[in-house]
Amino acid sequence: MPPTINTNATSLHSELVSTDAPKDLTAFSCPVPLPAGERILLGHGSGGKLSADLLQQIFLPALGNPVLDRLEDQAIVSINGSSTRFAVTTDSFVVKPLFFRGGDIGSLAVHGTINDLAMGGATPLWLTAAFILEEGLPLDTLKRVVNSVREAATHAGVPIITGDTKVVEKGSADGLFINTTGIGQVRDGILLSASQAQPGDVILVSGFLGDHGIAILAEREGLQFETQVVSDSAALHELVATLLDATHEIRCLRDPTRGGLSSTLNEIAACSRVGMELDETSIPVREEVRGACEMLGLDPLYVANEGKLVAVVAPHAAQTALRALRNHPLGKYAAIIGRVLSDHPRMVVMRTPFGTTRIVDMLAGDQLPRIC
Amino acid sequence: MKYLDEYRDARIARALAAEIRRRSSRPWVLMEICGGQTHTLVRYGIDELLRGSVELVHGPGCPVCVTPLEIIDRAINLARRPDVTLVSYGDMLRVPGSQTDLFHVKAEGGDVRIVYSPTDAVNLARTLPDRKVVFFAIGFETTAPAHAMAVLQAERLGLNNFMLLVSHVLVPPAIRSLLGSPKNRVQGFIAPGHVCTVVGCRDYEDLVREFRVPIVVGGFEPVDLLEAIHMLVTQLEEGRAVLENQYVRSVQYQGNLPAQASVARVFEAADRKWRGIGSIPESGLFLKSNYAAFDAERVFDLADICAQEPPECISAEVLLGHRKPTDCTAFGVRCTPDKPLGAPMVSSEGACAAYYQYKRHLVTL
């Protein structure tokens, strides 16, 4: 069996260089162009272009193989040609603060990995959990987190079957980090991939966007603001099962976590070499989230979610898929938000209520608060 | 969202755009000053809606973009000192200085922190008495009162470890310099609504009289901007030049007097260099000499850190509205938000970044 390492951030976003662009740019010398640098920046972890650069320049050249090179949220493998396909995924959780409205690092570590399995059409079977603890962490904090892991895993019906603990010196970790690995069995007859979107397909989301990111920001140091927004952190495998029971005409499922909806859609558009057009008025965002984003100068399309999925669905199955999602409590506010086009491949474009269009790009680095 | 959705109403916006197209007998050249306004115009495609009737050129109103290279180098120098905590608004961190940017200094181990409010930096200075906390105070008249308040608060608390690295610029001297240029094509201005909320309208009235140019104080939502453009086009078609206020829900003629008083207490105007443009007389705010102890440039003696900008850089032409971002041969090819060549590509409020972010699909690169 080939090694199966999963890396979540994927992008094949290519530079836009046309052949008739002037080649001689020596006359132009604006302030110095900075190379992405010789060190890791926080932006390398944002799920945007810098993360994609790391994959393309460091990880894939060193570790690439046919399974890894697919760059899906999970590896799909089988043993000795058996028809049983397994999904494997791993994810590390470093969220700060550890506890937030609607969840904590423990429940998030369970939900995140289950969701990466579910997006591959897999029924989650087992989880592993590894804890990296910082010297001085109060035991009470650890107990709370471990209890939360237990509750989330029990609720999802997925047992934790092995684990590990390491302790590092004070200052070497921010309280605690968790890594979880998940193994699941892919449903028969299902093959989901970011490279399968076709012109004409319909794009759906399972509910309100941006809740998790705003719930986290609201508790960040120096930014405490009052909000009723609760993280949407949830295990989505049952929602996916409901959807796949209703139709097999699903091309691709993704959970728009880091980098938000825009990064997820840009990845799918790039992998499938298609364009996408979204309808701005149809994208579900809560009033409170819109308000917080206005105040902070953020765009909800770039804000993280931990309990939402994006589905690209064949056109004739779109209404069936929408009904199926809405029939499940986690998909109650599902909506059709756009469609796949053959125009402007690898670009996601938003149609504004004014009838004009604009690009919805991948995030270059971290989404930065604007000055005014 | 109440108080916002009304100003994003597509039906009203379309009607206003149709009325502007009907009234406009020639393609008037208008400039919006503020980067926030540029952002809205491009995000909603208002320039597309008005093509042929109005040419919108984008002014020098992005504080991140116009902060001189040498000030960024000075911030980087401070951030590298072991005893300094440099505190900044988020979007300054990615702006390239002449060698590196603050994100890289942070990755090298420099203590660089992001806050939303300068008073958070004052609180940081209280909790870190052994460190020198320097707040990177950039912006137009809008952020100046908050920076003045931070200094006054630090003074009241008796803090001797809180300082500002000041790079404050003023809008009216920039408009004056623009209108005085023989290359000027701009026939009417949308004045920045939030700046006027603070300083009021008097300076803009002077500009209207001096240059016989119509100015409308405008808001930041699409309907605000379309209404302001409509008011400007109406004046131009009727051959009038007066100051009008579209943004009445925020701007009063006198402005915010207590805010003006705090600024006047702490800051004074003097000549200031703008990135990509050069020095403009009386266009910057500096800490007064009795607040020298709060001035990082004086405390750390940073005057020797200078940087020359290459004169060929087109960002000057873009910031002055002489050329569009898409006129640049490097736009979208060699210059992108993740690898910016010039300042307007760095901040999300920069004109080049706004074009790149929203309009790349409409131009041939």
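Every residue gets a number counted from 1 within its own chain, in the order that chain's sequence is written. Ligands are numbered from 1 and chains lettered from A, in the order in which they are written. Residue-level local features of this predicted model are given only where pLDDT is at least 70; pairs of side-chain atoms are given and counted only at 80 or more, and the full residue set underlies all totals for whole chains, interfaces and linings.

A short note on the pairing of strand β3 (residues 84-88) of chain B
Residue and element names in this part refer to chain B.
Line of reasoning, step 1. Residue burial is a threshold on neighbouring C-beta atoms within 10 Å of the residue's own C-beta, all placed from the backbone, with 20 or more meaning buried, 12 or fewer meaning exposed, and counts in between meaning partly exposed. Note on conventions: DSSP H or I runs of at least 4 residues are helices, E runs of at least 2 residues are strands, and numbering of each starts at the N terminus. Counting buried positions over the five residues of β3 gives five, a clear majority of the element.
Line of reasoning, step 2. Neither face of β3 is exposed, since Val84, Leu86 and Ser88 on one face and Thr85 and Val87 on the opposite face are all buried.
Line of reasoning, step 3. Strands qualify as paired when DSSP identifies two bridges or more between them. The pairing of β3 with strand β5 (residues 132-139) spans four bridges and is parallel. From the neighbouring strand, leucine 86 faces β5, where its bridge partner is valine 134.

Some points on the sheet that holds β5 of chain B
All names here are of chain B.
Line of reasoning, step 1. With mixed pairing, the six strands of this open sheet are ordered in space as β4-β3-β5-β6-β11-β10. Edge positions in the open sheet fall to β4 (111-114) and β10 (267-274), since each of these has one partner strand only. Neighbour-to-neighbour, the strand axes of this sheet turn through a mean angle of 25 degrees, independent of strand direction.
Line of reasoning, step 2. In the sheet, β3 pairs with β4 via four bridges, with the strands oriented parallel. Counterpart to serine 88 in the pairing with β4 is isoleucine 114.
Line of reasoning, step 3. Contacts from helix α7 (residues 118-127) reach β3, β5 and β6 (162-169), with the element oriented near 170 degrees to β5.
Line of reasoning, step 4. Residue pairs are scored as contacts if the distance between their C-beta atoms, which are placed from the backbone, is within 7 Å. Here, axes are lines fitted to C-alpha atoms. For helices the fit covers the stretch in contact, and angles between N-to-C directions go from 0 to 180 degrees. Its contacts with the sheet place helix α8 (residues 144-156) against β5, β6, β10 and β11 (278-287), and it is angled at close to 160 degrees to β6.

Brief notes about the sheet that holds strand β7 (residues 188-192) of chain B
Residues and elements named next belong to chain B.
Line of reasoning, step 1. With respect to topology, five strands assemble into an open sheet ordered β2-β1-β7-β8-β9, the strand pairing being parallel. The open sheet has two edge strands with one neighbour each: β2 (54-61) and β9 (243-245). With direction set aside, neighbouring strand axes in the sheet form an average angle of 25 degrees.
Line of reasoning, step 2. Summarising the sheet, strand β8 (residues 215-218) and β9 pair through three bridges and their orientation is parallel. Each residue of the ladder has a partner; that of valine 217, found in β9, is asparagine 245.

Here we look at the domain arrangement of chain B
Residues and elements named next belong to chain B.
Line of reasoning, step 1. Taken domain by domain, chain B holds domain 1 (5-62 + 171-245), domain 2 (65-164 + 275-299) and domain 3 (315-362).
Line of reasoning, step 2. For each domain, the first and last residues come from an automatic or database assignment. A C-alpha centroid distance of 26 Å is found between domain 2 and domain 3.
Line of reasoning, step 3. At the interface, nine residues of domain 2 touch eleven residues of domain 3.
Line of reasoning, step 4. Lys, Arg, Asp and Glu make up the charged group, whereas Ala, Val, Leu, Ile, Met, Phe, Trp, Tyr, Cys and Pro make up the nonpolar group; the residues left over, Gly among them, are polar. Class assignment of the residues belonging to the side of domain 2 that touches domain 3 gives a composition of five nonpolar, one polar and three charged.

Some details on the pairing of strand β13 (residues 348-351) of chain A
Residues and elements named next belong to chain A.
Line of reasoning, step 1. The pairing of strand β10 (residues 275-279) with β13 spans four bridges and is classified as parallel. Looking at β13, one finds that leucine 278 is bridged to methionine 350.
Line of reasoning, step 2. Bridge count between β13 and strand β14 (residues 357-359): three bridges; the pairing is antiparallel. If you follow arginine 351 over to β14, its bridge partner there is threonine 357.
Line of reasoning, step 3. Here β13 hands over to β14 after five residues, with glycine 355 in that stretch at a positive phi of 85 degrees.

Overview of the confidence of the model for chain B
Line of reasoning, step 1. The quantity known as pLDDT measures the predictor's confidence residue by residue, on a range of 0 to 100. Model confidence for chain B is summarised by a mean pLDDT of 91, while 98% of its residues fall at 70 or above.
Line of reasoning, step 2. Both scores are available for the predicted complex, with the pTM at 0.83 and the ipTM at 0.77.

A closer look at the domain arrangement of chain A
All names here are of chain A.
Line of reasoning, step 1. The domain architecture assigned to chain A consists of domain 1 (72-186) and domain 2 (202-359).
Line of reasoning, step 2. Averaged C-alpha coordinates put domain 1 and domain 2 at centres separated by 23 Å.
Line of reasoning, step 3. The interface of domain 1 with domain 2 comprises 21 residues on the first partner and 18 residues on the second.
Line of reasoning, step 4. Listing elements by their share of the side of domain 1 that touches domain 2, those giving two or more residues are α2 (105-118) and β5 (122-134).
Line of reasoning, step 5. For the side of domain 1 that touches domain 2, the leading source of residues is α2, giving nine residues.
Line of reasoning, step 6. Of the residues assigned to the side of domain 1 that touches domain 2, the class counts are eleven nonpolar, eight polar and two charged.

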